[in-house]
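# A structural walkthrough
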Amino acid sequence: MDRVLVLVPADAPADLAWPGAEVHRYSSPLDIPGLLSSFRLPAILVCDGIGQAHAPRVADAVRAHPAPVVAVSSQPWDGETPDPIAAACRGIVAGFGYGAVARLIPVLAPPA
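Anyway, here's the lowdown on the structure attached to this text.

## Here we look at the side chain of serine 73
Within the secondary structure layout, serine 73 lies in strand 4 (residues 69–73). For serine 73, the side chain forms a polar contact with the main-chain oxygen of glutamine 75, separated by 3.2 Å.

Right, dumping it as structure tokens:
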């Protein structure tokens with residue numbers, strides 16, 4: 001049974017899969033609120049490519065999600081530049097790319 005939701009952009013590598021994760025691709029940042037509202041699982045949101053125009057709406061969806069959400073960015077973040085998504089999430093891992101997802105799954109997964 002999948003215990004963590006992982007949301008990745010549609011242009012992410014095709015072979016992404018992690019044990020214990022239900023992976024969903026979003027074509028547009030506008031897809032993210034619907035995907036989050038469809039699952040009650042803790043979530044990892046790969047936020048690469050989400051522009052500032054869509055960030056507030058995604059942040060609102062993250063805040064409304066009933067389980068923790070952690071943002072992953074392949075680019076480093078200085079921790080000071082305003083980021084509505086990072087502010088809404090339980091945490092952010094920046095600069096490690098998809099390698100961070102595998103490390104986060106056991107941290108976020110609820111006990112079996």
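## Quick notes on the sheet that holds strand 2 (residues 21–26)
The parallel open sheet is built from 5 strands, whose spatial order is 2-1-3-4-5. A strand with exactly one partner marks an edge of an open sheet, and here the two such strands are strand 2 and strand 5 (91–94). Each strand of the sheet is rotated relative to its neighbour by a mean of 20°, with strand direction disregarded. Relative to strand 5, strand 4 runs parallel, the two sharing 4 bridges. Note on strand 5: the bridge partner recorded for valine 70 is glycine 91. Against the sheet, helix 4 (residues 99–108) makes contact with strand 1 (4–9), strand 2, strand 3 (43–46), strand 4 and strand 5, and its axis sits at roughly 160° relative to strand 3, the strand it touches most.

## Re the pattern of salt bridges
If you walk through the whole model with that rule in mind, you get 1 salt bridge. Measuring nitrogen to oxygen at the nearest pair gives 2.7 Å for the salt bridge that ties arginine 63 to aspartate 60. Of this pair, arginine 63 and aspartate 60 both sit in helix 2 (residues 55–64), 3 residues apart, roughly one helical turn.

## Here's the deal with helix 2
Residues spaced three or four apart along an α-helix point in a common direction, a consequence of the helix completing one turn every 3.6 residues. Considered for burial, the residues of helix 2 that qualify are Ala55, Val58, Ala59, Ala61 and Val62. One side of helix 2 holds all its buried residues, which, seen down the axis, span an arc of 160°. The exposed set on the far side of helix 2, more than 90 degrees from its buried face, consists of Arg63 and Ala64. As for helix 2, its buried residues are in contact with helix 1 (32–37), strand 3, strand 4 and helix 3 (84–88).

Scoring rules and cut-offs
Residues numbered from 1 in each chain as written. Predicted model: local features only at pLDDT ≥ 70, side-chain atom pairs only at ≥ 80, totals over all residues. Heavy atoms only, no water. Helix = DSSP H or I, 4+ residues; strand = E, 2+ residues; numbered from the N terminus. Polar contact = N/O pair within 3.5 Å; in protein donor to acceptor, adjacent residues only side chain to side chain. Pairing = 2+ DSSP bridges. Axes fitted to C-alpha atoms, helices over the stretch in contact; angles between N-to-C directions. Contact = heavy atoms within 4.5 Å. Salt bridge = Lys/Arg side-chain N within 4 Å of Asp/Glu carboxyl O. Buried < 20%, exposed > 50% of the residue type's maximum accessible area, 1.4 Å probe, protein only. Arc of directions from axis to C-beta.

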